[in-house]
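The residues making up each chain are set out below.
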Amino acid sequence: MIKNIIFDLGQVLIGFNPLNSLLNMGYPQKEAELLNEIIFNDQLWQDGDAGVYKSEEEAINLYINKHPQHHELIKDFFSKEWKKEVFIPINLDLFQKAKDNGYKIYLLTNFSSYGFDFVYNEFPFIREADGRVVSGKIEMIKPHDDIYLYLLDKFNLKAEECLFFDDNYDNIEAAKRLGINAYRFLGNKQEVLDILDK
């Protein structure tokens with residue numbers, strides 16, 4: 001019997017479309033594409049999610065050192081309120097449905113420490129979860145087994161009593177290998193609402 005719902009954040013409860021966000025911030029197409037490539041598609045972004053560095057100040061220095069020819073553009077980007085554009089709540093009705101139907105709710109997300117601090121303070125629903133595991137805080141990252149096992153152990157959860165929603169195929173398959181029920185969310189919200197009603 002499912003007692004616990006585990007949500008990913010990015011592309012499940014919080015939108016994440018960096019290129020569109022950069023265009024919305026007013027960057028011309030070429031600059032937006034360049035920033036998307038050197039910020040969000042760079043290994044440094046994944047390093048932030050993995051907890052290799054913890055602060056935005058560290059991130060800025062690392063990006064500038066790696067891409068010195070674009071240092072002015074990088075500085076300009078980080079000087080803006082970029083997190084307000086990049087991280088936007090979506091599908092909060094999924095969270096609310098799970099809560100209304102009496103499930104315990106947990107968040108398991110690949111997120112930089114400083115990025116998560118922003119959404120934690122900005123979006124009250126995150127504080128309503130029964131527990132949270134954030135990759136950048138604990139230096140573990142999906143789809144490696146250790147982060148799932150950490151979640152189960154930290155909150156004393158049984159894998160077979162959990163249902164995990166994530167948009168990433170590898171993350172879903174890793175959860176299934178560990179006995180966690182898992183569903184790949186690709187925007188089919190009504191189907192998820194129906195599942196949460198069962």
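Definitions and limits used
Residues numbered from 1 in each chain as written. Predicted model: local features only at pLDDT ≥ 70, side-chain atom pairs only at ≥ 80, totals over all residues. Heavy atoms only, no water. Helix = DSSP H or I, 4+ residues; strand = E, 2+ residues; numbered from the N terminus. Rg over C-alpha atoms; globule rule 2.2 N^0.38 Å. Buried < 20%, exposed > 50% of the residue type's maximum accessible area, 1.4 Å probe, protein only. Contact = heavy atoms within 4.5 Å. Areas by Shrake-Rupley, 256 points an atom, 1.4 Å probe, with all protein chains shown as cover. Lys, Arg positive; Asp, Glu negative; His and termini not counted. Charge placed at Lys NZ, Arg CZ, Asp CG, Glu CD. Pairing = 2+ DSSP bridges. Axes fitted to C-alpha atoms, helices over the stretch in contact; angles between N-to-C directions. Core = buried A, V, L, I, M, F, W, Y, C linked by side-chain atoms within 4.5 Å.

Visitor: Can you help me understand the overall build of the protein chain in this one?
Guide: When helices and strands are counted, the protein chain shows 13 helices and 7 strands. Relative to the globule expectation of 16 Å for 198 residues, the C-alpha radius of gyration of the protein chain, 17 Å, shows essentially globular dimensions. The dimensions of the protein chain, computed from C-alpha atoms along their principal axes, are 55 × 30 × 30 Å. For the protein chain, the residues scored as buried account for 47% of the 198 residues in total. Within the protein chain, contacts between residues separated by at least 24 positions form 68% of all contacts whose residues are at least 6 apart in sequence. Accessible area of the protein chain: about 9700 Å², with a carbon and sulfur share of 47%. Positive and negative charge centroids in the protein chain, built from 22 and 33 side chains respectively, lie 4 Å apart.

Visitor: Would you mind showing me how to read the sheet that holds strand 1 (residues 4-7) here?
Guide: What links the strands of a sheet is backbone hydrogen bonding, and the strands pair in either a parallel or an antiparallel sense. Strand order in the open sheet formed by 5 strands is 5-4-1-6-7, with parallel pairing between adjacent strands. Single-partner strands in this sheet number two, and they are strand 5 (131-134) and strand 7 (181-184). Across the sheet, the mean angle separating the axes of adjacent strands is 20° when strand polarity is ignored. Alignment of strand 1 against strand 6 (residues 162-166), held across 4 bridges, turns out to be parallel. From the neighbouring strand, Ile5 faces strand 6, where its bridge partner is Leu163.

Visitor: Teacher, can you tell me more about unusual backbone geometry here?
Guide: Both trends apply: most residues other than glycine have a negative phi, and most peptide bonds are in trans. Cis geometry marks the peptide bond from Lys142 to Pro143, where omega comes out at 10°. The phi dihedral of Glu139 is positive, around 60°, even though this residue is not glycine. You can see Glu139 is positioned in the loop between helix 10 (135-138) and helix 11 (145-154). On the basis of relative accessible area, Glu139 is assigned to the exposed category, the value being 53%. Backbone geometry at Asn156 places phi at a positive 55°, although glycine is not the residue there. Tracing the sequence through the fold places Asn156 in the loop between helix 11 and strand 6.

Visitor: Teacher, can you tell me more about the nonpolar core here?
Guide: Nonpolar side chains tend toward joint burial in soluble globular proteins. Residues Phe7, Ile39, Phe77, Trp82 and Phe87 are the most contacted members of the largest nonpolar core, which totals 50 residues. For this core, the element with the most residues is helix 2 (residues 29-40), which contributes 5 residues. In this structure, Phe77 is in contact with Leu22, Met25, Tyr27, Leu35, Ile39, Phe40 and Trp82, ignoring residues within four places of it in sequence. If you look at the next biggest cluster of nonpolar residues, it comprises 17 residues, including Tyr106, Ile147, Leu152 and Phe164.

Visitor: I tried to follow the pairing of strand 1 on my own but got confused; where do I start?
Guide: Looking down a regular strand, the side chains alternate between one sheet face and the other. The side-chain alternation of strand 1 yields two buried faces, one formed by Asn4 and Ile6 and the other by Ile5 and Phe7. Inspection of the sheet shows strand 1 paired to strand 4 (residues 104-109) by 4 bridges, in the parallel sense. If you follow Asn4 over to strand 4, its bridge partner there is Lys104.

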